[in-house]
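# Observations on the three-dimensional arrangement
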Amino acid sequence: MSRIHMEEYYAKNQHTQISLFCGWMFRDSSHCWTKWHGQVNVATCDIRQGKRQKFDPKSIYLNDHAITSPAQLRNICGYVAQEDNLLPLLTVKETLMFSAKFRLRGMSPKEREERVESLMQELGLDHVADNFVGDEENRGISGGERKRVSIGVDMIHDPPLLLLDEPTSGLDSSSALQVIELLSSMAKTKQRTIILSIHQPSYRILQYISNLLILSHGSVVHYGSLESLEENISGMGYEIPIQLNPLEFAMEIISVLENQEPHSKYQSCSYLRWKEAIIQDGANKQVIDQAKAGDVSNARCSSLFEIAVLCSRFWKIIYRTKQLFLARTMQALVGGFGLGSVYIKMRNDEGAVAERLGLFAFSLSFLLSSTVEALPIYLQERRVIMKEASRGAYKISSYMIANTIVFLPFLFAVAILFAVPVYWIVGLNPSITAFVFFTFVVWVIVLMASSLVLFLSAVSPDFISGNSLICTVLGAFFLFSGYFIPKECIPKYWLFMYFVSLYRYPLDALLTNEYWSLRNKCFSWNDENHSECLLTGNDVLKNRGLDKDTRWMNIGIMLAFFVFYRVICWIILARKVSKTTI
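No experiment lies behind these values; they were computed from the predicted model shown.

Time to look at the overall build of the chain. Of regular secondary structure, the chain possesses 24 helices and 11 strands. Looking at the chain residue by residue over its 582 residues, the buried ones come to 54%. Across the chain, contacts joining residues at least 24 apart in sequence account for 75% of those joining residues at least 6 apart. When the accessible surface of the chain is summed, it comes to about 26700 Å², and 56% of that surface belongs to carbon and sulfur atoms.

Below, the structure is given as structure tokens:
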């Protein structure tokens, strides 16, 4: 029978992560043992010094079979992080169904649905199957239910070994007890090995835990039952206070326990062997085969399937994110009608030339800055993406393509809502061709801005930093767009900003679109008799340095920026995912 284990790790000098690393995997679901070689001890020292080591294929053995890659480790392990990184606007069933689609690709849709239904019953979530997961801002299921959803997401592929990092953190005593009862039941009924870390467990929680592992600075202080811990403490001459359980008291005298002689055999993480049970040959072979399979199941399904599933999930999230949906719609309508009412029925004289330039410049600033509200959504998604992609659910490239496909029509609708009122209320170039091109430019502008925000969300640690970075970058682009400072007046060491500015190319495209078909039209005469023309459309373009029709070249550069920022975002996210082993 499998047992449920608990790691109570004691951290000094912020070495908590090292303690967890040294003791995070000890046995598989069939009571296998894991052997750590000397190379792990070296890696542990490097981690204490803040360095990262690549996965060492010689560091972990499962039943005398080496775990040769992180993919094999992910295939037999489920890992539930302390934070519940879930999408709040998906229901419980949808969350588990999307996880099943990614992790159980070899199953038919009916089999996946049956698996999800069975798992919801096992986790006690069938009564909230159609409720939103929710978060701090969006009301949804309770904290204990959300934790069970997190457990279900990482159990969907039925791993023989389940690891949990402080699953009771942030929960009230009743919810914490329910989670531990659930884990204990799964360990007994499903023959799973469950390893978890926990702080200050109550007596009621301790009764469900068969073995305790206490670590200090990466060294084993105690391994065994609660009764053996009590005996050990009593044998040292200590009396456990009535108000404390033995584990809590052990934390208070951890330094004494660490230095006691009987446990010197546990002091090194470099070699640990557990011999509590002998596995059956059939179970051993099943676990080993599952580990060797690695991520073969992931290769069964093409990237097209991943993209289709991600597109479906994206669309659900966008449709349900009322703040984003309504904000972008209202921004486009209010911005379009607002600017139209300010520049209503603009004249075609010399003064109107400067007004048109101001209209285009402000429209650019408005459109580029209007995408900032998507930053918190991207940041929230990033945590989920990092978790899912690092565990082989899908590739980052599939995510980027799906994100692009879903946002193309959404941002096109935004562009139309803005372009129609502005163009016809202001009275810009009456040509239908010019209007279509104007709308297309607006669409490419918001696409380009969306890519910039997506890229900056990948490098920003939080919303405040990301928002500040976006404002700084957009301000610099606007300054060097050529609207405030002509190209000739820009210092040489800042000239590169003129060529990478996201404002320059759409501004030139809009001006060319407005005046290219009106090159011979006169906007200012020398006298009332119109005997001499002082300013034509061609003069307006030359003053901006636009001697040729460069509209499509500017569009091409804008699309290149759109692709470039997404490619850079893909590289950054893929690199972060590659550094995550589980």
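Moving on, we get to the UniProt feature "transmembrane region" (unreviewed entry) in the chain. Under the present numbering, the feature "transmembrane region" (unreviewed entry) in UniProt falls on residues 325-344, 356-379, 400-426, 432-456, 463-485 and 552-573. Helix and strand shares over residues 432-456 are 100% and 0% respectively, and the end C-alpha atoms of the span are 36 Å apart. Across residues 552-573 one finds 100% helix and 0% strand; the C-alpha atoms that close the span lie 32 Å apart.

Structurally, D165 is set in strand β6 (residues 161-165). There is no salt bridge for the buried D165, and the closest opposite charge comes from K147, which lies 8.5 Å off by N-O distance.

A cluster of nonpolar side chains, contributed by F412, I416, V420, W424, I432 and V436, occupies part of the molecular surface with about 510 Å² of accessible area. Broken down by secondary-structure element, the contributors of at least two residues to the nonpolar patch are α18 (396-426) and α19 (432-459). For W424, the location among the structural elements is in helix α18. In this structure W424 comes out as partly exposed when scored by relative accessible area, which is 35%.

With that out of the way, let us pick up the packing of aromatic side chains. Under the criterion given, the structure shown has 25 aromatic pairs. Aromatic ring contacts, followed pair by pair, group F412, F437, F440, W443 and W552 into a single cluster. The residue whose ring lies beneath R551 is F437, and the NZ or CZ to ring-centre distance is 5.5 Å.

Quick notes on the rules
Residues numbered from 1 in each chain as written. Predicted model: local features only at pLDDT ≥ 70, side-chain atom pairs only at ≥ 80, totals over all residues. Heavy atoms only, no water. Helix = DSSP H or I, 4+ residues; strand = E, 2+ residues; numbered from the N terminus. Buried < 20%, exposed > 50% of the residue type's maximum accessible area, 1.4 Å probe, protein only. Contact = heavy atoms within 4.5 Å. Areas by Shrake-Rupley, 256 points an atom, 1.4 Å probe, with all protein chains shown as cover. UniProt positions renumbered as here; feature names shortened; annotations may be inferred. Lys, Arg positive; Asp, Glu negative; His and termini not counted. Salt bridge = Lys/Arg side-chain N within 4 Å of Asp/Glu carboxyl O. Patch = residues over 30% accessible without salt bridge, like charges linked within 9 Å, V, L, I, M, F, W, Y side chains within 5 Å. Phe/Tyr/Trp six-rings, centres within 6.5 Å; stacked < 30°, edge-to-face > 60°. Lys NZ or Arg CZ within 6 Å of the ring centre and 35° of its normal.

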